[in-house]
Amino acid sequence: MKLPPYADLLGATLQWEEGLPVLAMPFGPDVLGRPGFVQGGAITGLIEVAALAALRHQLAGEGGGRVKPINVTIDFMRGGRQRVTYAAGTVTRLGNRIANVEAIAWQESRDKPIASARMNYLIARG
């Protein structure tokens with residue numbers, strides 16, 4: 001699976017856990033916000049790419065399709081520190097024209113997310 005170019009700017013890499021895509025973004029000067037923390041836009045971008053990867057992965061099993069974001073809601077729970085940040089998406093509903101995806105970003109434990117998102121996508125199949 002090919003990630004969008006923005007993932008390269010973040011330094012994000014694609015990993016697979018239990019057959020599902022997970023993104024990993026190293027901490028570095030390109031994602032530095034206030035001293036010692038990951039910039040909020042970098043976290044948001046990582047979550048958005050993770051949600052898109054999850055949706056594309058699921059669509060690939062159904063013949064593919066093009067997607068266009070309708071809306072994005074991000075909730076920040078805590079600041080991202082100087083360590084690797086992970087993100088993964090879950091498709092909660094996949095209809096003929098609309099998909100709902102939830103995604104989280106975490107650092108030390110998936111049980112302690114630093115941010116979460118809910119996204120809706122328009123799907124053009126085939």
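- As recorded in an unreviewed UniProt entry, the protein goes by Thioesterase superfamily protein and comes from Sphingomonas mucosissima.

### Remarks on the overall build of the protein
Turning to step 1, where the next piece is worked out: Helices and strands together make up the secondary structure of the protein, namely two helices and six strands.
Turning to step 2, where the next piece is worked out: Secondary structure elements of the protein occur, N-terminal to C-terminal, as α-β-β-α-β-β-β-β.
Turning to step 3, where the next piece is worked out: Taking 14 Å as the expected radius of gyration for a compact globule of 126 residues, we find that the protein reaches 14 Å, a close match to that expectation.
Turning to step 4, where the next piece is worked out: In terms of principal-axis extent, the alpha carbons of the protein reach across some 45 × 25 × 25 Å.
Turning to step 5, where the next piece is worked out: Among the 126 residues that make up the protein, the fraction classed as buried is 39%.
Turning to step 6, where the next piece is worked out: For the protein, restricting intrachain contacts to residue pairs at least 6 apart in sequence, the fraction spanning at least 24 positions comes to 63%.
Turning to step 7, where the next piece is worked out: For the protein, the accessible surface area stands at approximately 7000 Å², while carbon and sulfur atoms represent 49% of it.
Turning to step 8, where the next piece is worked out: The average position of the 14 basic charges and that of the 10 acidic charges among the side chains of the protein differ by 6 Å.

### Considerations on the pattern of salt bridges
Turning to step 1, where the next piece is worked out: Considering all chains together, one arrives at four salt bridges under this definition.
Turning to step 2, where the next piece is worked out: Of the charged contacts, one joins Arg125 and Glu62 as a salt bridge, the two residues approaching to 3.2 Å between their closest N and O atoms. Remark: Glu62 occurs in the loop between helix H2 (40–60) and strand E3 (65–76) and Arg125 occurs in strand E6 (residues 113–125); sequence separation between them is 63 residues.
Turning to step 3, where the next piece is worked out: Classification of Arg125 by relative accessible area gives partly exposed; the value is 32%.
Turning to step 4, where the next piece is worked out: Assessed through its relative accessible area of 44%, Glu62 is described here as partly exposed.
Turning to step 5, where the next piece is worked out: Among the ionic pairs, Asp75 bridges to Arg118, the shortest N-O distance being 2.9 Å.

### Regarding the pairing of strand E1 (residues 13–17)
Along a regular strand, successive side chains alternate from one face of the sheet to the other.
Turning to step 1, where the next piece is worked out: Pairing analysis gives five bridges linking E1 to strand E2 (residues 20–25), with the strands arranged antiparallel. Bridged to Leu14 within E2 is Leu23.
Turning to step 2, where the next piece is worked out: Connecting the antiparallel pair E1 and E2 is a turn made up of two residues, with Glu18 showing a positive phi of about 55°.

### Considerations on the layout of surface pockets
Turning to step 1, where the next piece is worked out: Volume-wise, the largest pocket comes out at about 170 Å³.
Turning to step 2, where the next piece is worked out: Every residue along the wall of the largest pocket is listed here: Glu17, Glu18, Leu20, Pro21, Val22, Ala88, Gly89, Thr90, Glu102, Ala103, Ile104 and Arg110.
Turning to step 3, where the next piece is worked out: Elements with a contribution of two residues or more to the lining of the largest pocket: E2, strand E4 (85–94) and strand E5 (98–106).
Turning to step 4, where the next piece is worked out: The residue inventory of the lining of the largest pocket, partitioned by class, reads six nonpolar, two polar and four charged.

### Some points on the nonpolar core
Turning to step 1, where the next piece is worked out: One finds Leu23, Ile47 and Tyr121 to be the most contacted residues of the largest nonpolar core, which totals 31 residues.
Turning to step 2, where the next piece is worked out: For this core, the elements supplying multiple residues, two or more each, are helix H1 (5–10), E2, H2, E4, E5 and E6.
Turning to step 3, where the next piece is worked out: Looking at this core, the element that brings in the most residues is H2, giving 11 residues.
Turning to step 4, where the next piece is worked out: Once residues within four sequence positions are removed from consideration, Tyr121 is found in contact with Glu48, Ala51, Leu52, Leu55, Val67, Lys68, Pro69, Ile70, Arg97, Ile98, Ala99 and Val101.

About the criteria used
Counting from 1, residues in each chain are numbered in the order their sequence is written. Owing to the predicted nature of the model, reporting of local features is limited to residues with pLDDT of at least 70; listing and counting of side-chain atom pairs is limited to 80 or more, with chain, interface and lining totals taken over all residues. Working from all heavy atoms in the structure, the side-chain values ignore hydrogens and water. Counting from the N terminus, the helices are DSSP H or I runs at least four residues long and the strands are E runs at least two residues long. Only C-alpha atoms enter the radius of gyration, while the globule expectation follows 2.2 Å times N to the 0.38, with N the number of residues. Burial classes: relative accessible area under 20% of the type maximum marks a residue as buried, over 50% as exposed, and values in between as partly exposed (1.4 Å probe, protein chains only). For this analysis, residues touch if any pair of their heavy atoms sits within 4.5 Å. Computed with a 1.4 Å probe, the accessible areas rest on the Shrake-Rupley method; for each residue, only the protein chains presented here act as cover. For the purpose of charge, His is not counted, nor are the chain termini; Lys and Arg are scored as positive and Asp and Glu as negative. Charged groups are reduced to one reference atom each: NZ for lysine, CZ for arginine, CG for aspartic acid, CD for glutamic acid. The term salt bridge refers to a side-chain nitrogen of Lys or Arg lying within 4 Å of a carboxyl oxygen of Asp or Glu. Strands pair, by our definition, only if DSSP identifies at least two bridges between them. For cavity detection a 1 Å grid was placed over the protein atoms alone, and a set of points counts as a cavity when a 1.4 Å probe fits there but cannot get out; an open set counts as a pocket when protein lies on both sides within 12 Å along at least five of seven lines, with lining residues being those that have an atom within 4 Å of a point. Grid points are joined across faces, edges and corners, and a volume is the space filled by probe spheres set on the points. Under the scheme applied here, ten amino acids are nonpolar (Ala, Val, Leu, Ile, Met, Phe, Trp, Tyr, Cys and Pro), four are charged (Asp, Glu, Lys and Arg), and all others, including Gly, are polar. For the purposes of this section, nonpolar cores are sets of buried Ala, Val, Leu, Ile, Met, Phe, Trp, Tyr and Cys residues that join through side-chain atoms within 4.5 Å.

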